[in-house]
Amino acid sequence: MSNASACFHCALPVIDDRFTVNINGTAEAVCCPGCKAVAELIRDSGMSRYYDLRDAPEPGVGKPEESAGEWEVFNREDMLDAFATVDGKRAESIVYVGGMYCAACSWLIETTLSALPGVLDAGVNPVTHRLRLNFDRKTIGLGDVLATLAKLGYHPQPLAPESTAAPELLEQRTALKRLLVASLGMMQAMMFAVALYAGEFQGISADMERFLRLVSFFVTTPVVFYSARPFFSGAIRGIRAKHPGMDLPVAIAIGGAYAASVWSTFYDGPAVWFDSVAMFVFFLTVGRFLEMRARHRSIDRSVALSSILPNTVIRIDGDSESTVPANQLVAGDRVRIRAGEPIPADGRLVDGTSSVDEALLSGESQPLPKSPGDRLLAGSINLDREIQMQVNVTGVDTTLGTISRLSERARYTRPGFVRVADRVASYIVVAILVVATFVAIGWSIVAPERAFEITLSVLVVTCPCALALATPAAFAAAGSRLSLLRLLVTNGDAVEAISRATHVVFDKTGTLTRGRPHIVETRPLNDDYSAEQLLAIAAAIESASTHPLARAFESITTDDVAEDVETTVGQGVSGTVGGRRWHLGRAGFVANNAAVDADDERLNVFLGDGESLYAVFILDDEPRHDARETITALSRLGLGVTLLSGDREASVKRIAQELGVHSYAWECSPQEKLERLAALQDDGEVVVMVGDGINDAPVLSGADASIAPAHSALLAQTSADVIMLGEQLMPVVTAVRVARKTLTIVRQNLGWAILYNITALPLAVAGLVPPWLAAIGMSFSSLIVVLNALRLSRMGSTEKVAAA
């Protein structure tokens, strides 16, 4: 045997030397019957060259699955609809193939699958580990193909069609192709232009000059008609909409220079500008590509979150189990989740204990222990052992779905600065065309032979590309950086508003405090019910509430069920338990004219039936560990800080003094909070509201900008301009710093763009700027703007930014 210590197929240690396989006349040791079967399958299929072609495998790679029976479920019609594009008998599916480690794996997979009856085509991308499979669904099932891959030792995972062709990916691929064509065309055109320019000084024959012009025409034409196509399309759209944009002068310059050069090529004109055209298109395309990448980074987090959801889940139906597409789950389903698998929906852990990684979702770096009754969030990863969960919320209604939906909304909201820049650029475009017309007329009178060249230079050098890119590039880079710093922008105007902020207003419960209140004491106020009964009634009512205080009752087990649950904003929640109407919340809400026995230092939640008080629950909630640091940092940035809370005076005053907040108010209803916020705005303050819970939704909407933690009530998140991930408050400071830096960069970009145009226009009008230099000047002006904006992408959460 050539290697007695490691398995010939998968490289794991060989413990039992009974298993061998004959490959090319040599007995090779394998570790188990599975590896023996796979190696014999490869040998008997005439593909023993696989072992010669492959690199040394990582131990365990290629070891077959214990059982391939689980793949049979993918032969069902509903699974085929979920994971393949069906056209009559033909179906196409994309499969991620785990366990590939070298190019020989691609060869083995393609050769093996192509030999299966019904497989029409199988192509593997060794870089992305994706298999594009075309098959006759009447002859072979998707599950049969997946089982074959599993037998070969790979770990296949079919991908839903919508997950394989994101619009952003298609846009990026197209842009790269256009950039590649433009770069190749520019290099070739410049090479021929050098010879033409040298010929003007040293002399060149007419035939050679005509030849160089002709080859320049051939290499520039694809640049104009393919790489520059977006500029022509944009110009046409602007004309049709009666709103000319920066694409119009660009299209005129490119089209005019190209047309004039073609005429000169075939009719022996005085000059050609193919090099200028190719250079112009290339640098513009580079600028737009960089700006596009900044936009795409702003949604990368949402894409990453969505992509970790499983495609299929194991649903438990009584005593049986079935594998179903994850998008078919409904509330009430029970799901089995193995270690290492993602959580498919929001729900509760019902069986087993484990640790869950919520890093992508909440920013929490440490695994969180979970036990029965604990909440599980879609997109988090089960780490330790198998668990079972009950689904409560699925799809777009999960926490993950809400965050993704709000992020999507922000993509289509254009900030005010961008809208203003667009309008200004439109007027500048018209002004440029007017100036170019007068320049053409003037030079036609003074020096007709230079009129076209100078007019072309004016159009190119004054194109407002830098001005048009100055603002959106900065805001796109800011959105991208904020998402990496645990802040998801859901309103395009939020960054501008936060940059101008002068005052930050905080809610207390769930915002400055951790939002994890716990019951420290239960005081029965009626002898008809015990403390345990009263706790059970309260827990039943709060089970339907999303308010942060409801978390204090989550750990209480109860068989009671609350019906007709209603939330009264700013007061409490009501529900029918055991045929009796109960109220939970403020004393005045739960009972009229009742004597109150309360703890002034801590949170008090009362239980009553509308007439009498039955219990008071004493709750406590600790401040977030970085709350004081956040308040201090905001003050150093020159921002005023106010605490508005609906809690009692003693509780609010204790937290305010502990955190160093000097302006605070207590027992504020949502309307009173809104009035206090409006008073600050009337005094000229630009207010950012940071709040958590349904009570804060009106105030979040009324503020100039608003921030809500990701775990807050759904209505509060919908009203917020920025969603803050994780358990820390310092991202509020980060938001202010990044926003201010963004506006600084916008001003720098606008200043540079204006200065460049003011300087370049007179020189171009005077005939001192040839077209090729105009193309370089304008292009580098745009690149400077984009690269300056991309500095935001390197800004850290602790980077010091001036307060002004």
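Anyway, here's the lowdown on the structure attached to this text.

## Remarks on the overall build of the protein
So, step 1. Counting secondary structure elements, the protein contains 26 helices and 29 strands.
So, step 2. Taken over 804 residues, the protein has a buried fraction of 52%.
So, step 3. In the protein, once contacts between residues fewer than 6 apart in sequence are set aside, the share between residues at least 24 apart is 68%.
So, step 4. As displayed, the protein offers around 35,600 Å² of accessible surface, 55% of which is attributable to carbon and sulfur atoms.

## Brief notes about the sheet that holds strand β20 (residues 563–568)
So, step 1. Here 6 strands make up an open sheet; going across it, the order is β19-β24-β23-β22-β21-β20 and the pairing antiparallel. The open sheet is flanked by β19 (518–524) and β20, the only strands paired with a single partner. Along the sheet, successive strands turn relative to each other by an average axial angle of 20°, direction set aside.
So, step 2. Two strands pair when backbone bridges link them, and strand β22 (residues 580–585) and strand β23 (residues 603–608) are joined in this way by 3 bridges, in the antiparallel orientation. What sits directly across from His 583, in β23, is Gly 608.
So, step 3. The sheet contacts of helix α18 (residues 531–542) involve β19, β20, β21 (572–577), β22, β23 and β24 (613–620), and relative to β21 the element is tilted by about 110°.

## Details of the pairing of strand β12 (residues 354–357)
So, step 1. Pairing analysis gives 3 bridges linking β12 to strand β13 (residues 368–370), with the strands arranged antiparallel. Within β13, the residue paired with Ser 355 across the bridge is Pro 369.
So, step 2. Relative to strand β15 (residues 381–382), β12 is paired through 2 bridges, and the arrangement is antiparallel. For Asp 357, the partnering residue across the bridge sits in β15 and is Ile 381.

## Examining the pairing of strand β16 (residues 387–393)
So, step 1. Sheet topology places strand β10 (residues 334–337) next to β16; 4 bridges connect them, and they run antiparallel. Bridge assignment links Arg 336 to a residue of β16, and that residue is Gln 388.
So, step 2. Where strand β11 (residues 346–351) meets β16, 5 bridges bridge the pair, whose relative direction is antiparallel. Residue Asp 351 lies in a different strand from β16, and its bridge partner there is Gln 388.

## Brief notes about the packing of helix α25 (residues 730–765) against helix α26 (residues 771–789)
Geometrically, a packed helix pair is captured by the angle between its two axes and the distance between the axes.
So, step 1. For the pair α25 and α26, the least separation of the axes is 9 Å and the interaxial angle reads 170°. The angle between the axes of α25 and α26 places the two elements in the roughly antiparallel class. On the side of α25, the interface is formed by Ile 745, Gln 748, Asn 749, Trp 752 and Tyr 756, while α26 contributes Ala 774, Gly 777, Met 778, Ser 781, Ile 784, Val 785, Asn 788 and Ala 789.
So, step 2. Across the contact of α25 with α26, the residue classes tally to 8 nonpolar, 5 polar and no charged.

## Some words on the packing of aromatic side chains
So, step 1. Tallying each qualifying case throughout the model produces 17 aromatic pairs.
So, step 2. Here the aromatic rings of Phe 217 and Phe 218 are separated by 5.3 Å at their centres, their planes lie at 55°, and the arrangement is tilted.
So, step 3. Among the residues examined, Phe 217 registers a relative accessible area of 16% and is labelled buried.
So, step 4. Aromatic side chains Phe 553 and Phe 617 sit 5.4 Å apart centroid to centroid with 90° between the ring planes, which places their arrangement in the edge-to-face category. Pair noted here: Phe 553 is in the loop between α18 and β20 and Phe 617 is in strand β24, with a separation of 64 residues, a long-range link.
So, step 5. By relative accessible area, Phe 553 is classed as buried at 3%.
So, step 6. By relative accessible area, Phe 617 is classed as buried at 0%.

## Thoughts on the sheet that holds strand β8 (residues 312–317)
So, step 1. Spatially, the 6 strands line up as an open sheet ordered β9-β8-β10-β16-β11-β14, and their pairing is antiparallel. At either margin of the open sheet sits one strand with a lone partner, and together these are β9 (320–325) and β14 (375–376).

## Notes on the side chain of Arg 336
So, step 1. In this fold, Arg 336 is placed in strand β10.
So, step 2. Within the structure, Arg 336 has its side chain in polar contact with the side chain of Glu 321 (distance 2.8 Å).
So, step 3. Those residues in contact with Arg 336, other than ones at most four positions away along the chain, are Ile 314, Ile 316, Glu 321, Glu 341, Glu 386, Ile 387 and Gln 388.

## With respect to empty space enclosed by the protein
So, step 1. Within this structure, the stated rule accounts for 3 cavities of 30 Å³ or more.
So, step 2. There is about 50 Å³ of room inside the largest cavity.
So, step 3. Counting residues per element, the ones that place at least two in the lining of the largest cavity are α9 (247–267), α10 (274–307), α14 (448–461) and α26.
So, step 4. Residues that form the lining of the largest cavity fall into these classes: 9 nonpolar, 1 polar and no charged.

## Description of α26
So, step 1. Helix length check: α26 (19 residues) gives 27 Å between terminal C-alpha atoms against 27 Å at 1.5 Å per residue, within 8%.
So, step 2. Buried within α26 are the following residues: Pro 771, Ala 774, Ala 775, Met 778, Ser 779, Ser 781, Ser 782, Leu 783, Val 785, Val 786, Asn 788 and Ala 789.

## Observations regarding unusual backbone geometry
So, step 1. In this structure, Asp 268 takes a positive phi of about 55° despite not being glycine.
So, step 2. Turning to its location among the elements, Asp 268 is positioned in the loop between α9 and α10.
So, step 3. Phi at Glu 667 is positive, roughly 50°, even though this residue is not glycine.
So, step 4. One can find Glu 667 in the loop between β26 (663–665) and α22 (670–682).
So, step 5. On the accessibility criterion, Glu 667 (42% relative accessible area) is partly exposed.

## Notes on the pattern of salt bridges
So, step 1. Within the structure shown, the criterion is met by 15 salt bridges.
So, step 2. One salt bridge in this structure joins Asp 317 and Arg 315, with 3.6 Å as the shortest N-O distance.
So, step 3. Beyond isolated ion pairs, a larger network of salt bridges with shared partners links Asp 207, Arg 210 and Asp 268.

## Looking at the nonpolar core
So, step 1. Ranked by internal contacts, the top residues of the largest apolar core, which has 57 residues, are Val 250, Ile 254, Phe 280, Val 281, Val 460 and Met 778.
So, step 2. Elements that contribute at least two residues to this core include exactly α6 (167–202), α7 (206–227), α9, α10, α13 (416–446), α14, α25 and α26.
So, step 3. Broken down by element, the residue count for this core peaks at 12 residues, all from α10.
So, step 4. Within the second largest apolar cluster, 50 residues are counted, among which are Phe 475, Ala 478, Ile 655 and Ile 707.

## Notes on the packing of α7 against helix α8 (residues 229–240)
So, step 1. Here α7 crosses α8 at 45°, and the two axes come no closer than 5 Å. Between α7 and α8, the angle is such that the two are oblique. Residues Val 224, Phe 225, Tyr 226 and Ser 227 of α7 form the contact with α8, whose participating residues are Arg 229, Pro 230, Phe 231 and Phe 232.
So, step 2. In the contact of α7 with α8, the residues fall into 6 nonpolar, 1 polar and 1 charged.

What counts, and at which threshold
Residues numbered from 1 in each chain as written. Predicted model: local features only at pLDDT ≥ 70, side-chain atom pairs only at ≥ 80, totals over all residues. Heavy atoms only, no water. Helix = DSSP H or I, 4+ residues; strand = E, 2+ residues; numbered from the N terminus. Buried < 20%, exposed > 50% of the residue type's maximum accessible area, 1.4 Å probe, protein only. Contact = heavy atoms within 4.5 Å. Areas by Shrake-Rupley, 256 points an atom, 1.4 Å probe, with all protein chains shown as cover. Pairing = 2+ DSSP bridges. Axes fitted to C-alpha atoms, helices over the stretch in contact; angles between N-to-C directions. Parallel < 35°, antiparallel > 145°, perpendicular 65-115°, else oblique. Nonpolar A, V, L, I, M, F, W, Y, C, P; charged D, E, K, R; others polar. Phe/Tyr/Trp six-rings, centres within 6.5 Å; stacked < 30°, edge-to-face > 60°. Polar contact = N/O pair within 3.5 Å; in protein donor to acceptor, adjacent residues only side chain to side chain. 1 Å grid on protein atoms, 1.4 Å probe; cavity = no way out; pocket = protein on both sides within 12 Å on 5 of 7 lines; lining within 4 Å. Points joined across faces, edges and corners; volume = space filled by probe spheres on them. Expected span 1.5 Å × (residues − 1). Salt bridge = Lys/Arg side-chain N within 4 Å of Asp/Glu carboxyl O. Core = buried A, V, L, I, M, F, W, Y, C linked by side-chain atoms within 4.5 Å.

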